[in-house]
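Structure assessment
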Amino acid sequence: MSQVLFFRAALLASVTAACSADDSGPTSTPTVTEALTDAQVDYALGHVLTEHGFTGRMGTMLPLRLGRPVDPRLADIGRLLFFDPLLGLNNDNSCSGCHAPQHGFGDSQSIAIGIENNGIVGPDRAGPRNQRRTPQLLNAAYFPRLMWNSRFAARKGDPFDRNAGYVFPDPEGTSLSYMPHLLNAQAFVPPTERVEMAGLEFPGDNNAIRAEVVRRVNAVADYKARFAKVYPAVSKSAIT
Ligand code: HEC
């Protein structure tokens, strides 16, 4: 019997043992899994993961899927913006206020706390609650559908493929399908969410909010310089 079959058989046996343990009372415990050493479990698990195409090296997959190397200058701009409350018109929240790196770019809070927070990220964060828990963003670049109810989706079932477009609920609809990746399109939305980042005061629709965010980014010389290094046209005009 191969190690993997052994592993599966042992799992099955332990489940069966657990069931009979229920029947015979709480004091009897299954013993079959004790036969497995850590090395055997590692081996069997490694085999199953390889079988399903898991490499454990998501970073090296990225340039292959993008069809180009990752540009560290763009990655830096993205990182800086992710942590910058400049994107939140209420001036008190950034993407990282909810998607915290120390929690896998997710949250320690059961339900997200957006605007009017106390400036703390983590278990001591306080403020009005939003409606849902903040999901982790690790590996989200590979998800063909985003959000808890999958409402942002790449029609081709591949977030790197915009050919059939992306579907969002209204008012965005399919209007963001020109973006190169589903995550690029997704990033248009959080700054427009009033209780997450935008606040209740700024007048105007989602496009007005975005225009104001872009105006604020343009007003920071460091961002302009960083964008201009990647997109030379920005040195003569504006970031759009
Ligand atoms: C107020 C907290 C909060 C802020 C600020 C916030 N998010 Fe989120 N984010 C959430 C919540 C909650 C969800 C899930 C919402 C849902 O499913 O309806 C989410 C979902 C996402 C997802 C989808 C993840 C998945 O696996 O489906 C991405 C990507 C994302 N956010 C990126 C961002 C970016 C980029 C920013 C900043 C521009 C940002 N978020 C700002 C709370 C926040």
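Read on for an overview of the structure. (Residues numbered from 1 in each chain as written. Predicted model: local features only at pLDDT ≥ 70, side-chain atom pairs only at ≥ 80, totals over all residues.)

Taken together, 25 residues surround the ligand, and among them Cys-95, Cys-98, Gly-114, Met-147 and Pro-190 come closest. At three residues, helix α5 (residues 95–98) tops the list of elements feeding residues into the shell around the ligand. Within the shell around the ligand, the residues separate by chemical class into 16 nonpolar, seven polar and two charged. (Near = placed C-beta within 6 Å. Helix = DSSP H or I, 4+ residues; strand = E, 2+ residues; numbered from the N terminus. Nonpolar A, V, L, I, M, F, W, Y, C, P; charged D, E, K, R; others polar.)

Our focus in this paragraph is the sheet that holds strand β2 (residues 152–154). If you walk across this open sheet you meet the three strands as β1-β2-β3, and the pairing is antiparallel. Of all strands in the sheet, those with a lone pairing partner are β1 (145–146) and β3 (166–167), marking the two edges. With two bridges connecting them, β2 and β3 associate as antiparallel partners. Within the sheet, the bridge partner assigned to Ala-153 lies in β3 and is Val-167. (Pairing = 2+ DSSP bridges.)

In this structure, Leu-146, Phe-152, Ala-154, Tyr-166, Phe-168, Leu-176, Leu-182 and Ala-185 together form the largest nonpolar core, which totals eight residues. Elements that contribute at least two residues to this core include exactly β2 and α6 (182–186). Leaving out residues up to four positions away in the same chain, Ala-185 has contacts with Tyr-166, Leu-176 and Met-179. In terms of nonpolar packing, the next biggest core, distinct from the first, is built from seven residues, Leu-89, Ile-115, Ile-209 and Val-213 among them. (Core = buried A, V, L, I, M, F, W, Y, C linked by C-beta atoms within 7 Å. Buried ≥ 20, exposed ≤ 12 C-beta atoms within 10 Å, placed from the backbone. Contact = placed C-beta atoms within 7 Å.)

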